[in-house]
Amino acid sequence: MGLNEAKLAAAVAAFTLDTDELQAVAAAFRYDIERGLEGNTESTLPVLPAYLGLPTGEEQGEYLALDFGGTNVRVLRLRLLGHGNFTTLAKAAAPLRVSGQYDYTGSSATATELFDFIAGQVDAVLDGDHQTPYRLGHTFSFPSSQKDLRDARLLHWTKEFATSGVEGAYVNALLQEALLRRGIGNVQPTAVINDTVAVLLAAAYERGDTYIGSIYATGQNNCYLESYGEQRPAMILNMESGNFGKLLPNAYDLQLDAGSEKPGRQRLEKMVSGRYLGALFTLAMEDIQGRPLSSSFTSQDMAVLLSDAAAGAEALQRLFGISFSAAEAAALQPLAAAILRRSARLVAAAYTGILWHRAGSGPIVPQQIAIDGSVYEKMPLVQETLTQAMKELLAEDAAKVQLRLAAGGSGLGAALAAAMCKEQ
Ligand code: GLC
């Protein structure tokens with residue numbers, strides 16, 4: 001089909017960030033954390049208190065853990081054994097959207113329908129036991145305001161969720177009502193945490209040198225332990241860093257934002273997370289082709305294209321209905337690579353902003369950053385680009401910071417939050 005090489009090169013350049021630009025993003029990120037902590041509305045970072053510090057490692061007992069925030073809802077029954085150890089006693093999982101069958105994430109679904117569906121998944125791990133009392137920890141991965149650990153009010157949906165009747169409502173109250181409608185009186189939702197907080201709790205349950213938790217998946221967000229300069233007890237803050245907006249968006253970023261559920265919001269997330277990477281690739285392809293395309297690439301399609309040009313040509317053909325040779329698909333690999341590299345570099349800039357803020361005028365202490373999520377775990381180029389960008393930004397201090405995959409932290413973290421709530 002013949003690619004317009006000049007347009008392709010321009011698109012690759014539009015997704016390329018040099019070290020100076022990256023340093024500026026990291027500095028602006030730190031600035032917004034500090035303004036956000038002062039409650040200054042000029043900050044694009046909400047920094048939402050989680051009403052929790054780090055676990056002691058001594059937490060034990062049997063809990064239910066609900067993980068709600070991405071494509072699937074998952075429920076676990078877990079036994080915490082202390083110091084990073086736990087056993088999974090039962091698990092259930094279901095997609096929130098099955099094309100052509102149901103969709104609990106769209107605006108035509110109601111809060112009642114959504115939470116009834118979730119209550120069904122909770123029921124599945126109870127094995128018919130509606131007697132034994134259980135505390136449930138709820139990992140709810142959307143921006144929420146809390147007055148305590150027990151419940152959280154959804155500020156607004158992100159990640160293109162649009163279910164009606166949930167924005168502004170208390171999510172554990174909605175869950176409790178749905179459980180009761182189903183005859184489940186023995187499960188008490190006692191804690192709500194963000195998924196980044198869950199990842200941090202899970203990693204810190206095992207080892208103490210973790211202060212930053214991160215999700216790099218459908219959405220991208222970070223939390224960290226704020227020490228408040230010893231004026232008051234340390235607390236984990238959910239940064240909602242996907243909302244960071246002091247960036248240099250290119251034409252595709254602007255186009256994607258304008259066509260999204262919430263224009264103007266989640267500007268960083270729309271440049272980095274799995275929900276949007278394929279859409280950015282598609283917008284660039286439309287520009288290169290000079291015409292609209294009927295469907296959209298996903299981040300998985302980008303992974304296929306990057307690992308195998310022939311398979312990538314098939315994916316391009318299937319989605320866009322245009323025939324591509326393997327050589328043409330190979331010529332598009334630098335575009336997919338540039339989008340992924342920019343994503344990882346921007347995430348590294350956010351990590352650096354947090355490290356700088358935590359260090360203040362002192363040195364960065366040796367530590368690990370706990371990261372969970374499919375983009376970090378599975379996408380080509382992401383891990384090595386992140387590590388490289390941390391070196392670019394932190395120079396010799398980069399050796400003090402270990403990026404660690406903390407897979408499955410959402411469930412464990414929710415159970416820990418339920419246990420920590422009991423202890424409060
Ligand atoms: C979105 C949500 C945030 C969540 C992240 C990862 O950014 O707003 O709360 O942590 O996705 O799931």
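So, a few notes on the structure that sits alongside this text. (Residues numbered from 1 in each chain as written. Predicted model: local features only at pLDDT ≥ 70, side-chain atom pairs only at ≥ 80, totals over all residues. Heavy atoms only, no water.)

Bringing the overall build of the protein chain into the picture now. Looking only at helices and strands, the protein chain features 14 helices and 15 strands. Dimensions along the principal axes, computed over C-alpha positions, put the protein chain at roughly 65 × 55 × 35 Å. Here the analysis covers contacts within the protein chain between residues at least 6 apart in sequence; of these, 68% occur between residues at least 24 apart. When the accessible surface of the protein chain is summed, it comes to about 16,600 Å², and 50% of that surface belongs to carbon and sulfur atoms. Taking the average place of the 34 positive charges on the side chains of the protein chain and the average place of its 46 negative ones, the gap between the two points comes to 2 Å. (Helix = DSSP H or I, 4+ residues; strand = E, 2+ residues; numbered from the N terminus. Contact = heavy atoms within 4.5 Å. Areas by Shrake-Rupley, 256 points an atom, 1.4 Å probe, with all protein chains shown as cover. Lys, Arg positive; Asp, Glu negative; His and termini not counted. Charge placed at Lys NZ, Arg CZ, Asp CG, Glu CD.)

Around the ligand, the structure places 15 residues, and the nearest of them are Thr-158, Asn-194, Asp-195, Glu-240 and Glu-269. Lys-159 places a polar side-chain atom, nitrogen or oxygen, 2.8 Å from an oxygen atom of the ligand. Within the complex, the protein chains bury 98% of what would otherwise be the 310 Å² of accessible surface of the ligand. Elements with a minimum of two residues in the shell around the ligand: α5 (195–206) and β12 (220–226). A per-class count over the shell around the ligand returns 3 nonpolar, 8 polar and 4 charged. (Near = heavy atom within 4 Å. Polar contact = N/O pair within 3.5 Å; in protein donor to acceptor, adjacent residues only side chain to side chain. Nonpolar A, V, L, I, M, F, W, Y, C, P; charged D, E, K, R; others polar.)

This part is about the sheet that holds strand β1 (residues 48–49). Read across the sheet, 6 strands follow the order β1-β13-β12-β11-β14-β15 without closing on themselves; strand pairing throughout is mixed. Looking at which strands have only one partner, the edges of the open sheet turn out to be β1 and β15 (401–405). As defined by bridge partners, strand β14 (residues 367–372) adjoins β15 across 5 bridges and the pair is classed as parallel. Considered in β15, the bridge of Gln-367 is made with Val-401. Across the sheet, α5 lies against β11 (210–216), β12, β13 (235–238), β14 and β15, angled at about 135 degrees from β11, the strand it touches most. (Pairing = 2+ DSSP bridges. Axes fitted to C-alpha atoms, helices over the stretch in contact; angles between N-to-C directions.)

All right, on to the side chain of Thr-139 then. Topologically, Thr-139 is positioned in strand β7 (residues 134–140). On the basis of relative accessible area, Thr-139 is assigned to the buried category, the value being 0%. Beyond its immediate chain neighbours, meaning those up to four positions away, Thr-139 contacts Leu-66, Asp-67, Phe-68, Ile-193, Asn-194, Asp-195, Ala-198, Ser-410 and Ala-414. (Buried < 20%, exposed > 50% of the residue type's maximum accessible area, 1.4 Å probe, protein only.)

In terms of nonpolar packing, the biggest core is built from 83 residues, with Phe-281 and Leu-316 touching the most fellow members. A per-element tally of this core places helix α11 (residues 326–359) first, with 18 residues. Discounting chain neighbours no more than four positions away, the residues touching Leu-316 are Phe-281, Met-285, Phe-297, Leu-305, Gly-321, Ile-322, Phe-324, Ala-329 and Leu-332. Counting 37 residues, the second-largest nonpolar core is a separate cluster that includes Phe-68, Phe-117, Val-166 and Ala-169. (Core = buried A, V, L, I, M, F, W, Y, C linked by side-chain atoms within 4.5 Å.)

Paired through their backbone hydrogen bonds, the strands of a sheet run either parallel or antiparallel. Taken together, 5 strands build an open sheet; the order of strands is β4-β3-β2-β7-β10 and the sheet is mixed. Of all the strands in the sheet, just β4 (85–95) and β10 (187–193) have a single pairing partner and so form its edges. Within this sheet the neighbouring strands show an average axis-to-axis angle of 25 degrees, counted without direction. Running over the sheet, helix α4 (residues 171–181) touches β2 (61–68), β7 and β10 and is turned about 160 degrees from β10.

For the rest of this paragraph, the subject is unusual backbone geometry. Even without being glycine, Glu-240 reaches a positive phi, approximately 50 degrees. Residue classification places Glu-240 among the buried positions, given a relative accessible area of 4%. Although it is not a glycine, Leu-381 adopts a positive phi angle of roughly 75 degrees. Its place among the elements puts Leu-381 in the loop between α12 (374–378) and α13 (382–394).

Next up on the list: the pattern of salt bridges. All told, the structure shown has 19 salt bridges when counted by the stated rule. Between Glu-62 and Arg-79 there is a salt bridge, and its shortest N-O distance comes to 2.9 Å. One end of the pair, Glu-62, is in strand β2; the other, Arg-79, is in strand β3 (residues 72–82), and 17 residues separate them in sequence. Its relative accessible area of 27% is what places Glu-62 among the partly exposed residues. Here Asp-257 ties to Lys-270 by a salt bridge, and the two come within 2.8 Å at their closest N and O atoms. Of the two residues, Asp-257 is situated in helix α6 (residues 251–258) and Lys-270 in helix α7 (residues 269–272); the sequence distance between them amounts to 13 residues. Just as Asp-257 is buried, Lys-270 falls in that class too. The network of salt bridges with common partners includes Glu-62, Arg-77, Arg-79 and Asp-127. (Salt bridge = Lys/Arg side-chain N within 4 Å of Asp/Glu carboxyl O.)

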